[in-house]
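# Residue-level structure breakdown
As a plain string of letters, each chain reads:
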Amino acid sequence: MTMRFRNTIHGFLVLLWAGSHAHAAVDYARDVRPIFSDTCFKCHGPDDRARKGGFRLDWREGVFGKEAPEGLIQPGKPAVSALYQRLTTSDLDELMPPPDSGLKLTPAQLDIMRLWIEEGAKWPEDDRHWAFVPPDRPAVPGAREAGFNPIDRFARARLEKEGIAPAPPADKASLLRRVTFDLTGLPPTPAELRAFLADDSDEAYGRVIDRLLATDRYAEHMALPWLEAARYADTDGYQNDRLRYMSVWRDWVLMALRDNMPFDRFTLEQMAGDLIPDRNFYTQVATGFNRNHRINSEGGAIPDEWIVEYVADRVETLGTVYLGLTLNCARCHSHKYDPVTQKEFYQLFAFFNGIAEAGLGPNDGNSPPFVPVPRSWPMLGPEETGFVVPEPPRVKLQQTSVPRPQAGKPGTVMVLHEMEKPRDTHVLTRGLYNQPNKAEKLARETPAVLGLMGERFSRDRVGLAKWLTSPDNPLVSRVTVNRFWQHFFGRGLVRTSENFGAQGELPSHPGLLDWLATEFIRLGWDMKSMHRLIVMSATYRQASEGTKAGMARDPENVLLSRGPRKRLSPYQIRDAALFSSGLLVEKLGGPSVKPYMPPGLWRSISNRKYDQGKGDDLYRRSIYTYWMRTIPPPTMMTFNAADREMCSVRRELTTTPLQALTMMNNVTFVEAARKVAERVQLEGGNRVGDRIGFLFELILSRTPTPREQQAMLKDYRAHKAEFARDEAGVAGLLGVGESSANAGLPSIETATWAMLANTLMNLDEAIATN
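Report follows, based on the coordinates. (Residues numbered from 1 in each chain as written. Predicted model: local features only at pLDDT ≥ 70, side-chain atom pairs only at ≥ 80, totals over all residues. Heavy atoms only, no water.)

What follows concerns the overall build of the chain. The helix and strand inventory of the chain stands at 29 helices and six strands. Its C-alpha atoms give the chain principal-axis dimensions of roughly 90 × 70 × 50 Å. In the chain, buried positions account for 56% of the 770 residues. Put simply, 71% of the contacts in the chain that link residues at least 6 apart link residues at least 24 apart. Of the roughly 32,200 Å² that the chain leaves accessible, carbon and sulfur atoms contribute 53%. When the 96 positive and 95 negative side-chain charges of the chain are each reduced to one mean point, those points stand 1 Å apart. (Helix = DSSP H or I, 4+ residues; strand = E, 2+ residues; numbered from the N terminus. Buried < 20%, exposed > 50% of the residue type's maximum accessible area, 1.4 Å probe, protein only. Contact = heavy atoms within 4.5 Å. Areas by Shrake-Rupley, 256 points an atom, 1.4 Å probe, with all protein chains shown as cover. Lys, Arg positive; Asp, Glu negative; His and termini not counted. Charge placed at Lys NZ, Arg CZ, Asp CG, Glu CD.)

Turning to the environment of Thr469, a few remarks are in order. By the element assignment, Thr469 lies in the loop between helix H16 (461–468) and helix H17 (476–489). Setting aside anything within four residues of it in sequence, one finds Thr469 in contact with Asp264, Thr267 and Trp525.

Membership of the largest hydrophobic core comes to 129 residues, with the highest contact counts inside it found for Trp249, Phe266, Leu323 and Leu516. Among the elements that make up this core, the one with the highest residue count is helix H14 (residues 303–323) (11 residues). For Leu323, the residues in contact, after removing those within four places along its chain, are Leu318, Leu450, Trp467, Leu468, Asn473, Leu475, Val476, Val479 and Phe500. By size, the runner-up hydrophobic cluster in this structure holds 37 residues, among which are Ala673, Met712, Ala751 and Ala757. (Core = buried A, V, L, I, M, F, W, Y, C linked by side-chain atoms within 4.5 Å.)

For the structure shown, the criterion picks out 28 aromatic pairs. Geometrically, the ring pair formed by Trp226 and Phe266 is tilted, given 5.0 Å between the ring centres and 55° between the ring planes. Taken together, the positions of Trp226 in helix H10 (residues 216–229) and Phe266 in helix H12 (residues 263–272) put the pair 40 residues apart, joining distant regions of the chain. For Trp226, a relative accessible area of 8% corresponds to the buried category. Of the residues examined, Phe266 reaches a relative accessible area of 1% and is grouped as buried. Look at Phe488 and Tyr540: their rings are 6.2 Å apart centre to centre, the planes differ by 90°, and that puts the pair in the edge-to-face class. Highlighted residues: Phe488 in helix H17 and Tyr540 in the loop between helix H19 (527–536) and helix H20 (548–553), separated in sequence by 52 residues. Phe488 gets classed as buried once you look at its relative accessible area, which sits at 0%. (Phe/Tyr/Trp six-rings, centres within 6.5 Å; stacked < 30°, edge-to-face > 60°.)

Below, the discussion takes up the environment of Tyr232. Inspection of the secondary structure assignment puts Tyr232 in the loop between H10 and helix H11 (247–258). Overall, Tyr232 belongs to the buried group, its relative accessible area being 2%. Expressed as a C-alpha distance, the spacing of Tyr232 and Ser334, which sit 102 residues apart in the sequence, is 29 Å. Once you skip the residues sitting within four places of it in the chain, Tyr232 turns out to touch Leu227, Met246, Ser247, Trp249, Arg250, Asn292, Ser592 and Arg644.

As a packed pair, helix H26 (residues 688–700) and helix H29 (residues 747–761) sit with axes 10 Å apart at the nearest point and diverge in direction by 40°. Put simply, H26 runs oblique to H29. H29 is crossed by H26, and the crossing has right-handed handedness. Judged by residue contacts, Val688, Arg691, Ile692, Leu695, Phe696, Ile699 and Leu700 of H26 engage Glu749, Trp753, Leu756, Ala757, Leu760 and Met761 from H29. Classifying every residue of the contact of H26 with H29 gives 11 nonpolar, no polar and two charged. (Axes fitted to C-alpha atoms, helices over the stretch in contact; angles between N-to-C directions. Parallel < 35°, antiparallel > 145°, perpendicular 65-115°, else oblique. Left-handed = near helix turned anticlockwise from the far one by under 90°. Nonpolar A, V, L, I, M, F, W, Y, C, P; charged D, E, K, R; others polar.)

Attention now goes to the side chain of Ser247. Inspection of the secondary structure assignment puts Ser247 in helix H11. Taking the relative accessible area as the measure of exposure, Ser247 reaches 14% and is therefore buried. Leaving out residues up to four positions away in the same chain, Ser247 has contacts with Tyr232, Gly590, Pro591 and Ser592.

Applying the stated criterion across every chain yields a total of 51 salt bridges. Close ionic contact of Arg456 with Asp472 constitutes a salt bridge, the shortest N to O distance being 2.9 Å. Of this pair, Arg456 sits in the loop between strand S4 (412–414) and H16 while Asp472 sits in the loop between H16 and H17, placing them 16 residues apart in sequence. The closest approach of N and O atoms between Glu749 and Arg691, which form a salt bridge, is 3.5 Å. Of the two residues, Glu749 is situated in helix H29 and Arg691 in helix H26; the sequence distance between them amounts to 58 residues. With respect to class, Glu749 is no different from Arg691; both count as buried. If you follow the salt bridges from partner to partner, you end up with Glu220, Arg574, Asp575 and Arg621 in one network. (Salt bridge = Lys/Arg side-chain N within 4 Å of Asp/Glu carboxyl O.)

In short, geometric facts, not functional conclusions.
What follows is the structure, encoded as structure tokens:
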């Protein structure tokens, strides 16, 4: 055997995936394709298939064509197929995987390959990875049933196939809390809870959803995943982490979501709002999406190198957000797993390689191109909505002799603006800025596997945006509805929402995913309609408690056998505490604010001083919190927020003691607890039992059980007795935070209820939805 054969087969086995199947026939797409797609050490990328010495096991010609080693697979004859021989030989020098790799195939895995070869090694004519085939609208399984929408019919069909019974509907209180948090990021008020529980009409739940969708709170909550994907922050990042002013772009996102801008228009304005025929100041601001990347201002930086980095970042972000592909893997060489060549990466690169930007950032402030923002933003008058041509970058020499652009001061926003003559684009050898392959100047084009632009689209960012949202694009609608699903269920139908390629996971419900993708397009890319469709489904409205048997069969709820149970995001956790306490200051948009921060944190690792805000600034929603990339808000990071350094569309959750310590001791949560205590005394009635019930409604959106009532009553008495002996402790507790204590309420009673509120706020149930 040749070394190239040994290396390639070894790679094929390194990430081998196969399960035990009781089927009489082996299906290529289900059983064999995942094995070939998981090749780890491929000899070459997809554009190098014809090179001497290379072949690929995930490509038909690589297995059966002239590039394959002689006798690699002989259909119907596994015993004489070189591939199968290497898998089963007793010769340790020939065995694959090599014994020293620590890997070993199971008998079930060997059976997959043996059966496939015995049955003729059938390979479909269209062997594209599932995600690269445009979705066809599938037939909805099952019969129509009252209270079920198409989502439920797909989900129930899968449960019936698996022999699992669905969970019953969630109780009304849990459902209201779940949907209110999912659509607005805040809990329902006690009054809203009581009204919903009292409304027995069939339309009650639908009316709640319509009310929530129409609020500014909806926009503020739904904008957060987009800000994390867009790597939005208030500083440039890197070592110097200079200031920037991009809150105006954030406000544009809020207005677009509030007004239910269709997703295709949402995409067009952010990709090319400076180029469209009906461009104006608002569409120009939208292009800040592609200016949210980090910017280097270090004196020793090489401007040309960093322009390449900025453009590459835009391609990577486009790949993650819209295509669900790891395009950055094709920057230095052709992608090792997905059919995207290095040349195709730089053809996409060319779309963004004509921005009139500077490689080195200023010493604080916005980097060109930027435009001034009218003082009346966002309510602009007719004379203020016109498109503004950015001034050409004014470059000056600093002491380091490195040219820096003139900074944009507060009252400006960074945007996209095309150069009169775009930079030439070439493949960069190993991705290095100073190693262009000048043998070929590249034109703007999209990857062939996703459909070339052809003559249908203009070769500019307008055409790119329209190509993305074309019904023929196999990925964008799927990737987007999958993130919607992830938002509401905590897990996408494709769990790897950032990667729909060969290394990503297969969809749990492929028919449902394609139906949702085509429905999104059919509805005119209407985001609110899609959100309403999901939360109206009986699948979403199931109870989150599963049976013991169901939990054993479906521990991660992949099969949708029960309703979603999710931990709240860090933004929701803080905002819910402020909201329940009555401290939350609600106002859409505005400059970023600086709430409480551990003293001296910025000074400890930078030369900047954190100037904590005052008054309302301390109590704004978390979407408005000032975000310094090198020192992001510690409470947000403790609960697994994205750091905003790079594009992020999925977060992994951790559970740590620091989270409990934060909830118990952080100024925000202690202050919120004492203000909750004031609400309990003012709104919860005069009896202790009634006040305990009100406290539960306020924080957990339900009434306490008799056992909980007794436990809280016991704690009430214990804390009250302790505070009666500790005047200093009472004063210290009521002095936490900047808001003043209500002097008209008895201080010992307030301190006692603050401790009870703190107890409930620290329950797992308080920071999760059921």
